[in-house]
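# Coordinate inspection notes
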Amino acid sequence: MKWLRHSILLVLAVGVLAVLIGRQRWGDLTGQVDWRWLIGAGILSAVYWFVRVARWRWMTAMEGRRIGWGRAWVSMLAGLGVGLITPVRSGEIVRPMFLPKGSRVRLVGWVVIERMFDLSAVLTLGILGLFYMVFSGALLSAGVSAPWWLLLVAPLLLACTLGVPLLVHYKPDGLWRFLARVLPGKARQLAHARLTWRQFGIFYAVSILAEALSLLSVFLCLSSRGEISLITATCLAPVVALGSLLPAGPGGFGIREGTAAFVFGVFGFSEPMILAAYLSNTLIILVIPAAIGVAAAWISDVTKTFVQTAA
């Protein structure tokens, strides 16, 4: 049933992209590209993943599972490959399965916490972007009503995403006793996790840094297609990322591009420019690294380890 749902969402995502691309002339999507900006986006993508891999090594070290850079890169990017076929990249929780046995269940719990911090970073910067949209005056001049309700909903979502790590930090006795009873088998190890304030700060700071690098990558991809200011790109891109949080398609495909076309369109940017830029950014920062990770895992013995574990 889960794979059927994922397959339906994949078909919907492909359908949305097909409609968006079908409205454009091929020359508008492929022509007039300044490759220097895209090369810069590629370099930023490498820095972005270096930051995330470094945090992943730190996470494994917290459980006494120190791994080398090679294994860390392969497991991170192979996990990304799995995550891209699931909504909100939730499939990334399989990342520990690409590591040798030992503390895998606890590491799954840390990956969930990491994803909560990543979502918190998107929401934090998204709220700033919403304020820019509402108070810049561009919405009123375009005859579009300001999304005041998002300014109320986004902080509530931010509180919820940060609430999960806070629960792990404070560990309410009643809740943790309940989890220790109801969690099956090895999953009970999750009830023993503890998040210190130092770890909380590192998780959140790295998530903010990674999201900022991702936004700069979007800016470079947009600049490769036309003129756009840094503040406009970095304020609107988080709002687009908020739309990608909807569990309506694998990895946010289709939803992200459609939201980007609408949000930037309100500010006067052409749909071909925005669509081409976001497709380029998705390819550079997500698809290519995921393909490299899956290929590396397949070539190495990591895939064999994963298959044996799944069996």
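Okay, so let's go over this structure. (Residues numbered from 1 in each chain as written. Predicted model: local features only at pLDDT ≥ 70, side-chain atom pairs only at ≥ 80, totals over all residues. Heavy atoms only, no water.)

### Brief notes about the overall build of the chain
Stated precisely, the cut-off is as follows: Numbering goes from the N terminus for both helices and strands, where a helix is a DSSP run of H or I of at least four residues and a strand is a run of E of at least two. Relative accessibility under 20% of the residue-type maximum defines a buried residue, over 50% an exposed one, and the middle range a partly exposed one, all with a 1.4 Å probe and only protein chains included. Whether two residues touch is decided by their heavy atoms; if any such pair falls within 4.5 Å, the residues are in contact.
Looking only at helices and strands, the chain has 13 helices and zero strands in total. For the chain, the sequential pattern of α-helices and β-strands runs α-α-α-α-α-α-α-α-α-α-α-α-α. Of all 311 residues assigned to the chain, the portion counted as buried reaches 50%. Look at the contacts in the chain between residues 6 or more apart in sequence, and 73% of them connect residues 24 or more apart.

### Side note on the pattern of salt bridges
What counts here: What counts as a salt bridge is simple: a side-chain nitrogen of Lys or Arg found within 4 Å of a carboxyl oxygen of Asp or Glu.
Taken as a whole and assessed by the stated rule, the structure comprises 11 salt bridges. Linking Glu 114 and Arg 55 is a salt bridge whose minimum nitrogen-to-oxygen distance equals 3.3 Å. With Glu 114 in helix H5 (residues 104-135) and Arg 55 in helix H3 (residues 35-62), this residue pair connects regions lying 59 residues apart in the sequence. In this pair, the class of Glu 114 matches that of Arg 55, namely buried. With a closest N to O distance of 3.4 Å, Asp 118 and Arg 115 form a salt bridge. Placement of both Asp 118 and Arg 115 in helix H5 is noted, with a separation of three residues, approximately one turn of the helix. Judged by relative accessible area, Asp 118 falls into the buried class, the value being 11%.

### A few points about the packing of aromatic side chains
Quick note on the threshold: To pair, rings of Phe, Tyr and Trp, with the six-membered ring standing in for Trp, must have centres within 6.5 Å; the planes then decide the type, stacked if under 30 degrees apart, edge-to-face if over 60, and tilted in the middle. Working rule: Lys NZ or Arg CZ, within 6 Å of ring centre, within 35 degrees of ring normal, means a charge sits over the ring.
Enumeration over the complete set of coordinates arrives at 12 aromatic pairs. Centroid distance Trp 197 to Phe 200: 5.5 Å. Interplanar angle 65°. Geometry classified as edge-to-face. Of the two residues, Trp 197 and Phe 200 are both situated in helix H9 (residues 197-223); the distance of three residues between them amounts to about one turn of the helix. A residue is classified by how much of its surface remains accessible, and Trp 197, at 46% relative accessible area, is partly exposed. By relative accessible area, which is 12% here, Phe 200 ends up buried. Directly above the ring of Trp 56 sits Arg 95, whose terminal nitrogen or CZ lies 4.7 Å from the centroid.

### Quick notes on the environment of Thr 60
For Thr 60, the location among the structural elements is in helix H3. Along the sequence, Thr 60 and Trp 110 sit 50 residues apart, while their C-alpha atoms lie 8.9 Å from each other. Ignoring anything within four residues of it in the chain, the contact list for Thr 60 reads Arg 65, Arg 66, Ile 67, Leu 99 and Leu 107.

### With respect to the environment of Met 133
With respect to the helices and strands, the residue Met 133 is situated in helix H5. Assessed through its relative accessible area of 6%, Met 133 is described here as buried.

### Looking at the packing of helix H4 (residues 69-83) against helix H12 (residues 271-299)
To keep things clear, this is the line we draw: Note on geometry: axes are C-alpha line fits, over the in-contact stretch for helices, and angles between N-to-C directions span 0 to 180 degrees. Each crossing gets its hand from how the near helix is turned against the far one by less than a right angle, where anticlockwise is left-handed and clockwise is right-handed. Residues are grouped as follows: Ala, Val, Leu, Ile, Met, Phe, Trp, Tyr, Cys and Pro are nonpolar; Asp, Glu, Lys and Arg are charged; every other residue, Gly included, is polar.
Where H4 meets H12, the closest approach of the two axes is 7 Å, and the angle between their N-to-C directions is 115°. Along this stretch, H4 crosses H12, giving a crossing that reads as left-handed. Within the contact between the two elements, H4 uses Val 74, Leu 77, Ala 78, Leu 80 and Gly 81 and H12 uses Leu 286, Pro 289, Ala 290, Gly 293, Val 294, Ala 296 and Ala 297. Looking at the contact of H4 with H12 residue by residue, the class counts come to 10 nonpolar, two polar and no charged.

### Looking at empty space enclosed by the protein
In plain terms, the rule: In the cavity and pocket records, a cavity denotes points on a 1 Å grid over the protein atoms alone where a 1.4 Å probe fits but cannot get out, a pocket denotes an open set with protein on both sides within 12 Å along at least 5 of 7 lines, and lining residues are residues with an atom within 4 Å of a point. Grid points are joined across faces, edges and corners, and a volume is the space filled by probe spheres set on the points.
For the structure on display, the rule yields one cavity of 30 Å³ or more. Roughly 530 Å³ of volume is contained in the largest cavity. Where the lining of the largest cavity is concerned, the elements lending two or more residues are H3, H5, H9, helix H10 (230-244) and H12. Among the elements that make up the lining of the largest cavity, the one with the highest residue count is H9 (six residues).

### Some remarks on the packing of H3 against H12
When two helices pack together, their arrangement is given by the angle between their axes and by how far apart the axes lie. The test is simple: Roughly parallel here means an angle under 35 degrees, roughly antiparallel means over 145, roughly perpendicular means 65 to 115, and every remaining angle is called oblique.
One way to put it is that H3 packs onto H12 with a least axis distance of 10 Å and a crossing angle of 40°. By the angle class used here, H3 and H12 are oblique. When the axes of H3 and H12 are compared, the crossing they make is right-handed. For the pair formed by H3 and H12, the contact residues are Leu 38, Ala 41, Gly 42, Ser 45, Tyr 48 and Trp 49 on the first element and Ser 280, Ile 284, Ile 285, Leu 286 and Pro 289 on the second. Residue classes in the contact of H3 with H12 are distributed as eight nonpolar, three polar and no charged.

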